[in-house]
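Notes for the structure review
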Amino acid sequence: MWNKNRITELLGIEYPILQGPFGGGLSTIELTTTVSNLGGLGGFGAYTLSPQEIYDIHTAIQSQTDKPYNLNLWVNDHDIIDEEHTKEQYQKTVETFKPYFDLLQTDIPAPPLSFESRFQNQLDVVLDIKPKVFSFMFGLLDENIIEDLHRQGTVVLGNATTLDEAVALEKTGVDIIVASGFESGGHRPSFMDQAELSTTGTFVLIQLIKDKVKIPVVAAGGIANGRGIASAFKLGADAVQIGTAFLATEESGALPIHKEFLFSDAAKSTTLSRAYTGRLGRGITTKITRDVLAAKDKTLPFPLQTYFMGALRKAALEQQKNDLVFFWSGQIAPILKHKKASTLMQSLIEEASELLQ
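For the structure given in this document, a descriptive report is provided here.

Rules used in this analysis
- Residues numbered from 1 in each chain as written.
- Predicted model: local features only at pLDDT ≥ 70, side-chain atom pairs only at ≥ 80, totals over all residues.
- Heavy atoms only, no water.
- Salt bridge = Lys/Arg side-chain N within 4 Å of Asp/Glu carboxyl O.
- Helix = DSSP H or I, 4+ residues; strand = E, 2+ residues; numbered from the N terminus.
- Buried < 20%, exposed > 50% of the residue type's maximum accessible area, 1.4 Å probe, protein only.
- Pairing = 2+ DSSP bridges.
- Phe/Tyr/Trp six-rings, centres within 6.5 Å; stacked < 30°, edge-to-face > 60°.
- Lys NZ or Arg CZ within 6 Å of the ring centre and 35° of its normal.
- Axes fitted to C-alpha atoms, helices over the stretch in contact; angles between N-to-C directions.
- Contact = heavy atoms within 4.5 Å.
- Core = buried A, V, L, I, M, F, W, Y, C linked by side-chain atoms within 4.5 Å.
- Polar contact = N/O pair within 3.5 Å; in protein donor to acceptor, adjacent residues only side chain to side chain.
- Parallel < 35°, antiparallel > 145°, perpendicular 65-115°, else oblique.
- Left-handed = near helix turned anticlockwise from the far one by under 90°.
- Nonpolar A, V, L, I, M, F, W, Y, C, P; charged D, E, K, R; others polar.

Tallying each qualifying case throughout the model produces 12 salt bridges. For Arg-151, the salt bridge identified is with Asp-148, shortest N-O distance 2.3 Å. Here Arg-151 pairs with Asp-148, and both are found in helix H6 (residues 143-151), just three residues apart, close to one helical turn. By relative accessible area, Arg-151 is classed as exposed at 62%. Of the residues examined, Asp-148 reaches a relative accessible area of 31% and is grouped as partly exposed.

What follows concerns the sheet that holds strand E7 (residues 186-187). Taking strand neighbours across the sheet as the criterion, the three strands line up as E7-E11-E10 in an open arrangement whose pairing is antiparallel. Unpaired on one side and paired on the other, E7 and strand E10 (270-273) mark the two borders of the sheet. One ladder, built from two bridges, connects E7 with strand E11 (residues 281-284); its direction is antiparallel. Paired with Gly-186 across the two strands is Arg-282, which belongs to E11.

With that settled, the discussion passes to the packing of aromatic side chains. What the rule picks out here adds up to 15 aromatic pairs. Note on Trp-74 and Phe-138: the rings are 4.6 Å apart at their centroids and 55° apart in plane angle, and the pair reads as tilted. With Trp-74 in strand E3 (residues 69-74) and Phe-138 in the loop between strand E4 (133-137) and H6, this residue pair connects regions lying 64 residues apart in the sequence. We note that Trp-74, like Phe-138, is buried. Here the aromatic cluster, defined as three or more aromatic residues joined through ring pairs, consists of Tyr-90, Phe-97, Tyr-100, Phe-101 and Phe-308. Against the face of Phe-138 rests Arg-279, its NZ or CZ located 4.2 Å from the ring centre. Positioned above the aromatic ring of Phe-182, the side-chain terminus of Arg-282 is 4.4 Å from the ring centre.

With an omega dihedral of 0°, the bond running from Phe-302 to Pro-303 counts as a cis peptide bond. Summarising the element assignment, Pro-303 is placed in the loop between helix H12 (287-291) and helix H13 (304-318). Despite not being glycine, Gln-105 has its phi angle at roughly 55°, a positive value. Mapped onto the fold, Gln-105 is located in the loop between helix H4 (83-103) and helix H5 (119-129). You can call Gln-105 exposed: its relative accessible area is 76%.

Strand order in the open sheet formed by eight strands is E1-E9-E8-E6-E5-E4-E3-E2, and the pairing between neighbours is parallel. What marks the edges here is a single partner per strand, and that holds for strand E1 (17-19) and strand E2 (42-45). Within this sheet the neighbouring strands show an average axis-to-axis angle of 25°, counted without direction. With three bridges joining them, E1 and strand E9 (residues 239-242) adopt parallel strand pairing. Residue Gln-19 lies in a different strand from E9, and its bridge partner there is Ile-242. Sheet strands touched by H5: E3 and E4. Its angle to E3, the strand with the most contacts, is close to 160°. The strands that helix H7 (residues 163-172) touches are E4, strand E5 (155-160) and strand E6 (176-180); relative to E5, the one it contacts most, it runs at about 160°.

Moving on, we come to the environment of Ser-347. Checked against the element boundaries, Ser-347 lands in helix H14 (residues 341-355). Taking the C-alpha atoms as reference points, Ser-347 and Ile-81, separated by 266 residues in sequence, lie 46 Å from one another.

Attention now moves to the nonpolar core. In this structure, Ile-17, Phe-97, Ile-229, Val-240, Ile-242 and Phe-246 are the most contacted members of the largest nonpolar core, which totals 59 residues. With near-sequence residues (within four places) excluded, Ile-242 lies in contact with Ile-17, Leu-18, Gln-19, Gly-20, Ile-223, Ile-229 and Leu-348. Among the nonpolar cores identified, the runner-up in size contains 32 residues, and Phe-134, Ile-146, Ala-160 and Ala-179 belong to it.

Attention now goes to helix H9 (residues 226-234). Turning to H9, its buried residues are Gly-226, Gly-228, Ile-229, Ala-230, Ala-232 and Phe-233. Buried residues along H9 sit against E1, helix H8 (202-212), strand E8 (217-220), E9 and H14. A distance of 3.2 Å separates the backbone nitrogen of Arg-227 from a side-chain oxygen at the start of H9, and that oxygen is part of Asn-225.

Here E8 shows no split at all, with Val-217 and Ala-219 on one side and Val-218 and Ala-220 on the other all buried. Alignment of E6 against E8, held across four bridges, turns out to be parallel. Among the inter-strand pairings, Ala-179 is bridged to a residue of E8, identified as Ala-219. Sheet analysis places E8 next to E9, joined by three bridges and oriented parallel. Bridge pairing in E9 links Ala-220 to Gln-241.

The next point concerns the packing of H4 against H13. Packing of H4 against H13 leaves a shortest axis separation of 11 Å and a crossing angle of 25°. Compared by their axis directions, H4 and H13 come out roughly parallel. In this structure, the crossing between H4 and H13 has a hand that is right-handed. Facing Thr-86, Tyr-90, Thr-93, Val-94, Phe-97, Tyr-100 and Phe-101 of H4, the residues of H13 in contact are Leu-304, Gln-305, Phe-308, Met-309, Ala-311 and Leu-312. Looking at the contact of H4 with H13 residue by residue, the class counts come to 10 nonpolar, three polar and no charged.

Okay, here's the thing in structure tokens:
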């Protein structure tokens, strides 16, 4: 049976279908619990949350499901070198984006305040609440931390965008590797080389990783239906992680206009850009991403660029100038059909079951 394998046994789930753990307010308790209650693994991205918020969300999820879910954090949650470098980058960023602020008649934000990494405090909460599944991105966890997580009964997933990253993750003791392909929407979680140089497609990446590592592999990117699941399994994946298709559902935290874009002709074109957050991510191609496609040296380090762009994004949405907004999306968006998470999940299970008999 396609849905009975190492991953379903490890995670304690019925179907090897993982919902992408969206950050930045796009994850919701309703979406996470819907997927988990239907036999998959719901996901919640918590990298922007305070320790107390993580604790509260974990408690709320547990009140709505007794099934496992995936709590996700970012090991490396900023790209700030030093204050002087940030000042220099701020001036370049102002020069690059001033025309868009002028167009919207919106004031340019003052230089961002200092940023303090939250990861260690967030990790302390993970060790306290003991989730069944914990995943991380943008780096490696110390082997001792992974051992601590294992001792408390937590299954650990690491995200890789290249073969070298997957090999490194396996050496640290993670249980499962999420192979994040070039097609994926959202941030590219690369950590061993520049994200721009770590752009292997999902179906190539699965094969490269399966050839070199022994632990189970999850295929992420370019999958939104049973055909995608079946193809990933034929190439050696033990599970799939689906992001964009779940992001487009009513239960996600995406804005209504974001969901409209995902179901529109605009979704036919996506772009990898640093313009929105300072880290490379894939979203629907709009005027602003097309204009500042090569913005690596013209943006603030992550997450300061997110703060800088916040005022512009707010004004653009209020004025309905959506061509100045960046909407996260994977390349698979044009085939999306389902607007309810339960309907999507049932369709994925039925199609995959038929093709993988």
